[in-house]
Amino acid sequence: MKVDAVVLKRTFDLHKEEYEEAALRALNSGWYILGKEMLEFEKQFAEWTGRKYCVALNSGTDALILAFRALGIGPGDEVIVPANTYIASVIGITENGATPVFVDADDHMEIDADQIEGKITSRTKAVLPVHLYGQPSRMDIITELADKYNLKIVEDCAQCHGSTFKGKKTGTFGTLGCFSFYPTKPLGAFGDAGAIVTDDEELAEKLRMLRFYGSKVKYHNEIKGVNSRMDEIQAAILQVGLQYLDAGNEERRRQANLYKAGIVNNKVVIPPTYADVYHVYHLFPVLVENREAFQSYLKENGINTQVHYPIPPYVAECYKEWGYNWSDFPNAEKYAKQEVSLPIYCGMPDEEIKYVIEVINNY
Ligand SMILES: *Cc1c(COP(=O)(O)O)cnc(C)c1O
């Protein structure tokens, strides 16, 4: 059997007619940028997250960059960020000239909340928890520290749409919640898109200006902005996706439970999940010591897997001036070397999951 890590066409086909209708509605409207589809999506997504405002943007990376810009965080300021994350989290900080301060991962693969306090200095302005793989970070500890040291929380919600920590939705803990709607994400567009949610009216207004060349009124550029607008086609498509987001999360949780119940092989470790969280399994990571051998074995059996992520941002080529070593963050190093993401997505047939389990158990 042939099994791919993600088959976006299958996810699209689940609601094909509705997606097509939405895209055509936007195309036929004659209005393609900053129009009523975007405003409607903003309204719906704010409501769904339970926040007052949503500002729709061009990507999740832009959401992170503009979040720190809106907060006035820049050169000389430090932002605490997990060592085990995707590079876009760090780009959000460095594009503003601020300095990322890395914290190693815990055994759940999330930021080790117990190590955060030791990294806070007089320059620390914010914490950027990344709810990685769909699992929320320890937001009880993080909000307590943010209150104690007067830090902003900016959440990287690119992988966790709809996940909850002690019943509270991710994206509602921080001053700003940054979302990506990259096609594979729990809520995905069919192109690039992102958004920020907040309860702060002033910040929302500032973000709306930042995405539109720094202006409220065309040609009246009050602040230094960029062009980062969600287009009408993606906004129309996302309104369809939003209707199925909760059901999609449930579906991936069901798939994850099949893996958890089925995989029995002491060479393949499934990392633990925190109690009191609703994990939405954007990805299903496992840890394997000899990753290359494991992945080629799966490949020989027709199964494609992915790695999230093989090179942690603190040792990325583009940041080599920092001079970090791989071993500076031992857990992040371990995950970068051992993580394998098993296939999981809406539209994946159960027989493929059962086949993956069977092949893994014979490894
Ligand atoms: C996908 C992702 C981003 C970036 O989102 P884009 O929409 O691709 O720019 C940021 N952070 C994390 C953790 C991501 O997974």
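Residues numbered from 1 in each chain as written. Predicted model: local features only at pLDDT ≥ 70, side-chain atom pairs only at ≥ 80, totals over all residues. Heavy atoms only, no water.

S.K.: Would you mind going over the sheet that holds strand β3 (residues 99–103) with me for this structure?
M.R.: By way of backbone hydrogen bonds, the strands of a sheet pair with one another, either parallel or antiparallel. Taken together, seven strands build an open sheet; the order of strands is β1-β9-β8-β5-β4-β2-β3 and the sheet is mixed. On the outer flanks of this sheet lie β1 (53–57) and β3, each paired with one strand and no other. Mean inter-strand twist for the sheet, computed between neighbouring axes without regard to direction, equals 25°. Looking at chain direction, strand β2 (residues 78–82) and strand β4 (residues 124–127) are connected through three bridges and run parallel. Counted as the bridge partner of V79 is A126 from β4. Here helix α4 (residues 60–70) sits on the sheet and contacts β1, β2, β4, β5 (152–156), β8 (176–180) and β9 (194–198); the angle it forms with β8, its principal contact strand, is near 160°. The sheet strands contacting helix α6 (residues 139–149) are β4 and β5, and the helix crosses β5 at an angle near 150°. (Pairing = 2+ DSSP bridges. Helix = DSSP H or I, 4+ residues; strand = E, 2+ residues; numbered from the N terminus. Axes fitted to C-alpha atoms, helices over the stretch in contact; angles between N-to-C directions. Contact = heavy atoms within 4.5 Å.)

S.K.: Help me out: how do you make sense of the pattern of salt bridges in this one?
M.R.: A side chain of one charge can pair with a side chain of the opposite charge when the charged atoms of the two come close. One pass over the full model with this rule turns up 19 salt bridges. D140 is the salt-bridge partner of R138, the closest N and O atoms lying 4.0 Å from each other. We classify R138 as partly exposed; its relative accessible area is 24%. Owing to a relative accessible area of 29%, D140 belongs among the partly exposed residues under this scheme. Each of R138, D140 and K166 takes part in salt bridges that share partners, so that together they form one network. (Salt bridge = Lys/Arg side-chain N within 4 Å of Asp/Glu carboxyl O. Buried < 20%, exposed > 50% of the residue type's maximum accessible area, 1.4 Å probe, protein only.)

S.K.: I would appreciate a short explanation of the site of the ligand in the present structure.
M.R.: Neighbouring the ligand are 14 residues, the closest being G60, T61, Q159, S180 and K185. Here an oxygen atom of the ligand sits 2.8 Å away from a polar atom, N or O, in the main chain of G60. At 2.8 Å, a side-chain N or O of D156 approaches a nitrogen atom of the ligand. In the complex, the protein chains occlude 92% of the 380 Å² of accessible area that the ligand would expose alone. (Near = heavy atom within 4 Å. Polar contact = N/O pair within 3.5 Å; in protein donor to acceptor, adjacent residues only side chain to side chain. Areas by Shrake-Rupley, 256 points an atom, 1.4 Å probe, with all protein chains shown as cover.)

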